[in-house]
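# Close look at the chain arrangement
Chain residues, written in single-letter form:
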Amino acid sequence: MINIAFIRTAFLKPLELGLQKHYGIGLAELGIPPQLLKEPMSLIPFNDYLQWLEKIEELTNDPAYMIKIATDLTFENIGPIGKWYVTCPDLALAFRRIMFTGRGVFSWSTIR
């Protein structure tokens, strides 16, 4: 069995905001296809995400860039989906919302 981790495209939004704010770098400069960013629930292999983080370190020439943009890496900056998770009164409901969102996206994609 192949074990591959994924990250949602929506989680790139806070990273993009922090990079623009502190370094003037956009996601296009990392080689991320603009078409991928149009759908916030798209899945990206986590290994690709890690490569982009390494490229950011090269572009900024700052190994501590993540510390500088840390204030921008919040659920609120993800957009409506992030705010939906944050409004959960407890952790169990947050996990149920995450699972519900994933199920809805996957069932929608099989219908198309």
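Our subject is the structure listed above.
Here the structure is a predicted model, which is why all the values come from computation and not from measurement. (Residues numbered from 1 in each chain as written. Predicted model: local features only at pLDDT ≥ 70, side-chain atom pairs only at ≥ 80, totals over all residues. Heavy atoms only, no water.)

The next subject is helix α1 (residues 12-23). Taking 1.5 Å per residue as the helical rise, α1 with its twelve residues ought to reach 16 Å, and the 16 Å between its terminal C-alpha atoms agrees with that figure. For α1, the complete set of buried residues consists of Leu12, Pro14, Leu15, Gly18 and Leu19. Projection of α1 onto a plane perpendicular to its axis shows the buried side chains occupying an angular sector of 160 degrees, all on one side. Where α1 is buried, its residues contact β1 (6-8), β2 (43-45) and α2 (46-60). Where α1 ends, the next residue or the one after it, glycine 24, has phi of about 70 degrees, a positive value. (Helix = DSSP H or I, 4+ residues; strand = E, 2+ residues; numbered from the N terminus. Expected span 1.5 Å × (residues − 1). Buried < 20%, exposed > 50% of the residue type's maximum accessible area, 1.4 Å probe, protein only. Arc of directions from axis to C-beta. Contact = heavy atoms within 4.5 Å.)

Inspection of the entire model under this criterion finds one aromatic pair. Taken together, a centroid distance of 5.4 Å and an interplanar angle of 40 degrees make the contact between phenylalanine 46 and tyrosine 49 tilted. Of this pair, phenylalanine 46 and tyrosine 49 both sit in helix α2, three residues apart, which is roughly one turn of the helix. A relative accessible area of 12% places tyrosine 49 in the buried class. (Phe/Tyr/Trp six-rings, centres within 6.5 Å; stacked < 30°, edge-to-face > 60°.)

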